[in-house]
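So you can see what is in the structure, the chains are spelled out below.
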Amino acid sequence: MSAVSDRLPAFPWDKLEPYKKTAAAHPDGIVDLSVGTPVDPVPEPIQKALIAAADSPGYPTVWGTPELRDALTRWVERRLGARGVTHHHVLPIVGSKELVAWLPTQLGLGPGDKVAFPRLAYPTYEVGARLARADHVAYDDPTELDPTGLKLLWLNSPSNPTGRVLSKEELTRIVAWAREHDVLVLSDECYIELGWEADPVSVLHPDVNGGSYDGIVSVHSLSKRSNLAGYRAAFLAGDPAVLGPLLQIRKHGGMMTSAPTQAAVVAALGDDEHVRVQRGRYAARRTVLREALLAHGFRIEHSEASLYLWATRDESCWATVAHLADRGILVAPGDFYGPAGENFVRVALTATDERIQAAATRLTS
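Because the structure is a prediction, the values reported are computed rather than measured. The numbering scheme is per chain: residues are counted from 1 as the chain's sequence reads. Note on the predicted model: pLDDT of at least 70 is required for a residue's local features to be given, and 80 or more for side-chain atom pairs to be given and counted; whole-chain, interface and lining totals, by contrast, use all residues. Each side-chain value is worked out from all heavy atoms of the structure, with water and hydrogens disregarded.

Right, let's get into the side chain of His220. Turning to its location among the elements, His220 is positioned in strand 7 (residues 216–221). For the purposes of these results, a polar contact is taken to be a pair of N or O atoms within 3.5 Å, where, inside protein, one atom must be able to donate a hydrogen and its partner to accept one; residues adjacent in sequence count only when each atom of the pair is a side-chain atom. At 3.1 Å, the side chain of His220 forms a polar contact with the side chain of Ser218. Numbering of helices and strands starts at the N terminus; helices are DSSP runs of H or I of at least 4 residues and strands are runs of E of at least 2.

Our next topic: helix 7 (residues 168–180). Helix span, expected: 1.5 Å multiplied by one less than the number of residues in the helix. For helix 7, spanning 13 residues, the distance from its first C-alpha to its last is 18 Å, which sits close to the expected 18 Å at 1.5 Å a residue. Between buried and exposed lies partly exposed: a residue is buried under 20% and exposed over 50% of the maximum accessible area for its type, with that area taken using a 1.4 Å probe on protein chains only. All of the buried residues in helix 7 are Leu171, Ile174, Val175, Trp177 and Ala178. The buried residues of helix 7 occupy an angular sector of 165° when the element is viewed end-on, so they sit on one face. Structural note: helix 7 exposes Glu169 and Glu180 on the side pointing more than 90 degrees away from its buried face. The contact criterion used throughout is that any non-hydrogen atoms of two residues lie within 4.5 Å. Packing partners of the buried residues in helix 7 comprise strand 5 (150–156), strand 6 (184–188), helix 8 (206–209) and strand 7. At the C-terminal side of helix 7, Asp182 shows a positive phi close to 60°. The directions considered for the arc are those from the helix axis to the C-beta atoms.

We now examine the sheet that holds strand 5. An order of 2-8-7-6-5-3-4 is seen for the 7 strands of this open sheet, with the pairing classed as mixed. Looking along the sheet, the strands with just one partner apiece sit at the ends: strand 2 (90–93) and strand 4 (135–139). On average, each strand axis in the sheet is inclined to that of its neighbour by 20°, with strand direction left out of account. One requirement defines pairing of two strands: DSSP has to find at least two bridges between them. The pairing of strand 3 (residues 114–118) with strand 5 spans 3 bridges and is parallel. Bridged to Lys114 within strand 5 is Leu150. Helix-sheet contacts for helix 5 (residues 96–106) involve strand 2, strand 3, strand 5, strand 6, strand 7 and strand 8 (234–238), and the interaxial angle to strand 5 is about 160°. Simply put, an axis is a line fit to the C-alpha atoms, just over the touching stretch for a helix, and the angle between two N-to-C directions goes from 0 to 180 degrees. The sheet strands contacting helix 9 (residues 240–253) are strand 2, strand 6, strand 7 and strand 8, and the helix crosses strand 2 at an angle near 40°.

Attention now goes to the nonpolar core. To qualify as a nonpolar core, a set must consist of buried Ala, Val, Leu, Ile, Met, Phe, Trp, Tyr and Cys residues joined through side-chain atoms within 4.5 Å. Judged by nonpolar contacts, the single largest core of 68 residues is most densely connected at Leu33, Trp154 and Leu236. Ile46, Leu155, Phe235 and Val265 belong to the second largest nonpolar core, which has 41 residues in total.

Our focus in this paragraph is the pairing of strand 6. Judged by how many residues are buried, strand 6 sits mostly within the fold: 5 of 5 residues are covered. Side-chain alternation along strand 6 places Leu184, Leu186 and Asp188 on one buried face and Val185 and Ser187 on a second face that is also buried. When strand 5 meets strand 6, the two strands line up parallel, connected through 5 bridges. Bridging from a neighbouring strand, Leu152 pairs with Leu184 of strand 6. A crossover gets the label right-handed when its path from the first strand over the helix to the second runs clockwise, viewed with the strands pointing away from the viewer. Read as a crossover between parallel neighbours, the route from strand 5 over helix 7 to strand 6 is right-handed. Judged from the 4 bridges that link them, strand 6 and strand 7 form a sheet pairing that is parallel.

Below is the structure:
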């Protein structure tokens with residue numbers, strides 16, 4: 001066991017514990033904006049679908065029911081503008097984090113292979129490379145990477161943590177470069193429904209990929225758009241030549257989404273109204289927090305999409321974490337996402353209206 005754990009960095013969230021205790025001691029309680037975990041109710045139609053499928057004594061399939069695959073293909077075409085999507089272009093996964101962590105291993109990558117991800121990025125991209133014993137490299141512009149040995153290129157738009165959105169032109173250029181060098185592109189698009197000052201585009205859009213899914217796969221999650229983080233519901237869409245072998249590997253590993261969750265996903269992807277309502281909640285919270293942070297002397301960069309504000313006071317991120325913890329507010333230090341974030345903090349929008357207002361009051365009083 002130690003041989004595996006020794007490959008991994010220290011779990012970063014443990015470093016926040018002393019600041020969490022400080023924030024929790026505030027007379028009006030903690031406002032925890034450190035983790036992007038949903039707090040709003042699971043929409044009723046989704047709960048009803050889950051309950052209706054509760055009597056599921058048999059094993060579910062890794063590929064999902066035909067109804068689920070229909071729902072995935074319909075959503076990808078309706079929402080992302082993809083064309084010609086079949087069941088062979090989609091694959092359910094057990095939440096997106098397990099996929100990010102284990103994909104390099106499932107692709108057969110190892111020593112001498114390289115996995116690339118943005119310089120400011122979700123830490124699990126690096127974890128996945130380490131678990132596979134592959135090399136890893138961070139980039140500012142992926143087309144400036146040395147393609148030698150590069151087997152997997154992670155994109156993340158909208159970005160976690162910065163909220164940056166890659167334009168259609170940027171995506172088109174990157175996809176063309178990756179194809180020229182035979183590099184597989186995995187585009188993490190889990191926040192694509194949450195564009196505020198930009199309209200995120202998927203790599204599955206024909207304007208980006210030229211009408212071909214060769215060498216590209218996108219990752220989507222229902223955790224944020226539908227408040228389903230507790231359900232572990234996500235999926236892949238893209239190149240059947242990649243998804244087909246992954247399906248077989250995941251069958252051997254028993255990596256299957258539960259039958260009730262599959263039914264819930266069908267309901268969630270068939271209903272756009274609850275997404276509109278949830279977007280409205282987050283938009284209102286974003287406005288309140290953004291104005292309060294700016295009034296408190298913060299500068300906000302990017303943040304045109306996703307569930308976070310990428311904020312700085314031009315000081316060490318840990319000094320900012322301590323400053324806010326003294327006011328009962330817990331945020332994530334930017335260096336969790338790479339050394340380039342050392343002067344930033346990530347502020348999540350995922351708290352109740354009452355807690356968001358409490359944070360704003362503390363920042364402006």
